[in-house]
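Structural overview
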Amino acid sequence: MSYLSIRNLHKTYGDTQVFSDIDCEIAKGELITLLGPSGCGKSTLLRCIAGLTEVDGGQILLDGEDLVPVAPQKRQIGMVFQSYALFPNMTVEQNVSFGLRMQNIAKDESARRVAEVLAMVELGEFARRYPSQLSGGQCQRVALARSLVTRPRLLLLDEPLSALDARIRKHLREQIRAIQQELKLTTIFVTHDQEEALTLSDRILLMNAGRIVQSADAETLYTAP
Ligand code: ADP
Ligand code: ADP
């Protein structure tokens, strides 16, 4: 049985139908890239899974439990956005521990977990800095650490590399892949960049105009006519 199972998902904004029948199955520990042109509904699908926007129908089963009626903060999902979305008036450490404070995790335990994830993204030295003192790539690694520290059941990455320049993009892509494999973390990585999708993932879901039109591994897509 698959770990994440999306069934017959519907979403409209007013009169605009973003998608009407999304079905997909993702296995535990898999890294899936969701690849498709701008405006096809990738972000909306991630936001529905995270609970940041309401769905109009269908099911999102995670480990057998339907998430649709579950409040977003109770879904145990980590999410990273293209724009980092860090709190500018908090240090790196405070940004990363924010989710743990919300869960009333004890201070010692929190400090230990923050140090652990900052080491994972190679930012241990930067704990006391503010986002304005960091590069874009470093900010995105803070956002990644913040999403990992709560030990999510699912990681959602929405174009996390798109705002960065090419050299940093490649490095961070490899770092994300290594961490994802080490933690065996089930991950959906949204991108409109074909190269990113081909080099990063176990499997690619191709999306177009609100539909998942193909599911294939990179090799199959490469050799497709
Ligand atoms: P993608 O992530 O693939 O670029 P989006 O999910 O952002 O696509 O958008 C899919 C469609 O839904 C687009 O037509 C977009 O304009 C529309 N859309 C996205 N968010 C909203 C919103 N909050 N209100 C109305 N329409 C939206
Ligand atoms: P992305 O493609 O990365 O989702 P967008 O530029 O499409 O980014 O959307 C940025 C924000 O604007 C999102 O919060 C999205 O929900 C919202 N949005 C997108 N399209 C529309 C729209 N047609 N009407 C209202 N809000 C929208």
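Note that this is a predicted model, so its numbers are computed, not measured.

Since the α-helix advances by 3.6 residues per turn, residues separated by three or four positions end up pointing in the same direction. For helix 2 (residues 92–102), the complete set of buried residues consists of V92, N95, V96, S97 and L100. Packing partners of the buried residues in helix 2 comprise helix 3 (107–120) and helix 4 (136–148). After helix 2 finishes, the residue N104 shows a positive phi value of roughly 55°.

Let's shift gears to the layout of surface pockets. Put simply, the largest pocket is a space of about 730 Å³. What lines the largest pocket is a set of 20 residues, and nearest its centre among them are Q73, I77, G78, G99 and T150. Those elements giving two or more residues to the lining of the largest pocket turn out to be strand 6 (77–81), helix 2 and helix 4. Element by element, the count of residues in the lining of the largest pocket is highest for strand 6, at four residues. Here the residues of the lining of the largest pocket are counted per class, giving 11 nonpolar, seven polar and two charged.

Turning our attention to the side chain of D158. By the secondary structure assignment, D158 is in strand 7 (residues 154–158). R47 provides the closest opposite charge to the buried, unpaired D158, separated from it by 6.1 Å. Dropping the residues within four chain positions of it, D158 is found in contact with S43, L46, M79, V80, F81, Q82 and V190.

All right, on to the site of ligand 1 then. The immediate surroundings of ligand 1 are formed by Y13, V18, P37, S38, G39, C40, G41, K42, S43 and T44. A distance of 2.7 Å is found between an oxygen atom of ligand 1 and a backbone nitrogen or oxygen belonging to G39. In the environment of ligand 1, an oxygen atom lies 2.8 Å from a nitrogen or oxygen atom belonging to the backbone of S43. When isolated, ligand 1 has an accessible area of 560 Å², and the protein chains bury 55% of it. For the shell around ligand 1, the element with the most residues is helix 1 (residues 42–50), which contributes three residues. Partitioning the shell around ligand 1 into residue classes produces four nonpolar, five polar and one charged.

What follows is about the sheet that holds strand 2 (residues 16–26). Taken together, four strands build an open sheet; the order of strands is 2-1-4-5 and the sheet is antiparallel. Lying at the two open borders of the sheet, with one neighbouring strand each, are strand 2 and strand 5 (65–66). In the sheet, strand 1 (residues 4–13) pairs with strand 2 via seven bridges, with the strands oriented antiparallel. Paired with S5 across the bridge in strand 2 is E25. Across the sheet, helix 1 is in contact with strand 1, strand 2 and strand 4 (57–62); its angle to strand 1 comes to roughly 115°.

With that settled, consider the sheet that holds strand 6. Strand pairing in a sheet relies on backbone hydrogen bonds. The paired strands run either parallel or antiparallel. The mixed open sheet is built from six strands, whose spatial order is 6-7-8-3-9-10. Looking at the sheet topology across the chains shown, the edges are occupied by strand 6 and strand 10 (211–216). Recorded for the sheet is a direction-independent mean angle of 20° between the axes of neighbouring strands. Bridge count between strand 6 and strand 7: five bridges; the pairing is parallel. Bridge pairing in strand 7 places M79 opposite L156. The strands that helix 4 touches are strand 6 and strand 7; relative to strand 6, the one it contacts most, it runs at about 170°.

Parameters at a glance
Residues numbered from 1 in each chain as written. Chains lettered and ligands numbered in written order. Predicted model: local features only at pLDDT ≥ 70, side-chain atom pairs only at ≥ 80, totals over all residues. Heavy atoms only, no water. Buried < 20%, exposed > 50% of the residue type's maximum accessible area, 1.4 Å probe, protein only. Helix = DSSP H or I, 4+ residues; strand = E, 2+ residues; numbered from the N terminus. Contact = heavy atoms within 4.5 Å. 1 Å grid on protein atoms, 1.4 Å probe; cavity = no way out; pocket = protein on both sides within 12 Å on 5 of 7 lines; lining within 4 Å. Points joined across faces, edges and corners; volume = space filled by probe spheres on them. Nonpolar A, V, L, I, M, F, W, Y, C, P; charged D, E, K, R; others polar. Lys, Arg positive; Asp, Glu negative; His and termini not counted. Salt bridge = Lys/Arg side-chain N within 4 Å of Asp/Glu carboxyl O. Near = heavy atom within 4 Å. Polar contact = N/O pair within 3.5 Å; in protein donor to acceptor, adjacent residues only side chain to side chain. Areas by Shrake-Rupley, 256 points an atom, 1.4 Å probe, with all protein chains shown as cover. Pairing = 2+ DSSP bridges. Axes fitted to C-alpha atoms, helices over the stretch in contact; angles between N-to-C directions.

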